[in-house]
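# Fold and contact review
The primary structure of each chain is shown beneath.
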Amino acid sequence: MTADLAAPDELLAALDRMLRDEALSTKHGGGTYVRRFEQGFSRLLRVERALSLNSGTAALHAALIGLGVGPGDEVIVDPLLRFAAVAALRVGASPVFADLDPQSWLMDPESAARVRTARSRAIVATAFFGLPTDPCALTKATGGLPVIEDCAQALLARRDGRTAGCGVAAGVFSFQSSKHLSTGEGGMMVTADPEVALRALELREHGWRPGRRSEDCGLGWMYRMPEPCAAIGAARLAAVTERVAQHTAIGCWLDAAIEDIAWLSPQAAGPEVTHARWRWGAAAESPKRLANLLQRLQPHEPRLEVGFCHPGPIYLRSFLQDLAAAQSQPWTPGLCPVAERLTERLLHLRIDLRHGEAAYQRLAEQLHTAARAC
């Protein structure tokens, strides 16, 4: 199992060439390695347009701006992670939480349809743990709402032949240090819609429009990806398919380890799905049984970060509760019952290839033994 997406000497050579030959400027998208990384990422996903940014969070913000979402609008989001809700708030919209499917842990289309209102402008659906969403089902259930797919955890995942992030209004990716493809920090937004891409580009470039730099189209932000990050990304693209395959293989070992454990259920994917396995997860039938399992696992491989998933849905966290109180939002316990039950019973494991294949083979054996004893 390879530890890195590219050998250290290859990365050093790429950075050396950049430092010797380039001015390190990405102004107006002019960086050589920024363009190279964007073009390579576009080819990897076979998508028409890829726009690099300085983080996945910036990519999510840019996607909402690209779709024209703003004050007074509502964005349907899933409740486990904070990023979609915060991005909606950043553009002046209100996040509206849809519940999850109890088997896949992805946004439930029927729940999304129930919370849709006349103010709903978009859906941000998270490919949780690396399992790609079903945007067609979400769009159909909500009467045509566009979908932004948050693929920060799902690079090269596929569903029904569709690569995650493609075939939707916009797909967003993260290159933070824990992701399948890491540039240290960075993000990418992909889209087939030229208007979405143009509005997102204006956001990235201080409100400047390409070819009309003296004309400010809005306030904008400074969301450009630095050349060193882009150089690392471009150098690592060639090996990312193999890396995702290694994540997928480890997830399959762990799924197999609990096949005969009736009280522990892995994330349901289905034969039409290629799961990117950024993390592996399983839901226990009760919090008590899960706590017992964790107690048995922790002495073996604590460095592998085995633990509970999250301390409850995002809308019950204090910073959003304070906002809800100020705006009289109905974010109360029971809003998304499936998500609330899941967070009490969800075991997760971060897959980090630096630990090596043998560590995860041992963990699969330990998981099976510990689960049978619970």
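In what follows, the accompanying structure is described. (Residues numbered from 1 in each chain as written. Predicted model: local features only at pLDDT ≥ 70, side-chain atom pairs only at ≥ 80, totals over all residues. Heavy atoms only, no water.)

## Quick look at the overall build of the protein
Across its full length, the protein holds 13 helices and 16 strands. Burial statistics for the protein: of 374 residues in total, 55% are counted as buried. Residue pairs in contact within the protein that sit at least 24 positions apart in sequence constitute 67% of those at least 6 positions apart. In the form shown here, the protein has an accessible surface area of approximately 15900 Å², with 52% of it arising from carbon and sulfur atoms. (Helix = DSSP H or I, 4+ residues; strand = E, 2+ residues; numbered from the N terminus. Buried < 20%, exposed > 50% of the residue type's maximum accessible area, 1.4 Å probe, protein only. Contact = heavy atoms within 4.5 Å. Areas by Shrake-Rupley, 256 points an atom, 1.4 Å probe, with all protein chains shown as cover.)

## Quick word on the packing of aromatic side chains
Applying the stated criterion to the full structure yields nine aromatic pairs. A ring pair is formed by Phe97 and Trp331, whose centres lie 5.5 Å apart and whose planes are at 80 degrees; its orientation type is edge-to-face. Here Phe97, found in strand S3 (residues 94-97), pairs with Trp331, found in the loop between helix H11 (318-327) and helix H12 (337-345); they are 234 residues apart in sequence, far enough to count as distant. An identical accessibility class is assigned to Phe97 and Trp331; each is buried. Ring centres of Trp105 and Phe129 lie 6.1 Å apart, and the angle between their planes is 85 degrees; on these two criteria the pair is classed as edge-to-face. Within this pair, whereas Trp105 is found in the loop between S3 and helix H5 (109-115), its partner Phe129 is found in the loop between strand S4 (120-126) and helix H6 (135-141), the two being separated by 24 residues in sequence. Just as Trp105 is buried, Phe129 falls in that class too. (Phe/Tyr/Trp six-rings, centres within 6.5 Å; stacked < 30°, edge-to-face > 60°.)

## A short note on the pattern of salt bridges
Following the criterion strictly, the structure yields 14 salt bridges and no others. One salt bridge in this structure joins Glu48 and Arg49, with 3.3 Å as the shortest N-O distance. Across the salt bridge formed by Arg354 and Asp352, the nearest N and O atoms sit 2.7 Å from each other. A relative accessible area of 61% places Arg354 in the exposed class. By sharing partners, the salt bridges in this structure join Glu38, Arg204, Glu205 and Arg224 into a single network. (Salt bridge = Lys/Arg side-chain N within 4 Å of Asp/Glu carboxyl O.)

## Some remarks on the side chain of Thr248
Looking at the secondary structure, you find Thr248 in helix H9 (residues 240-257). The residues touching Thr248, leaving out its near neighbours within four places in the chain, are His275, Ala276 and Arg277.

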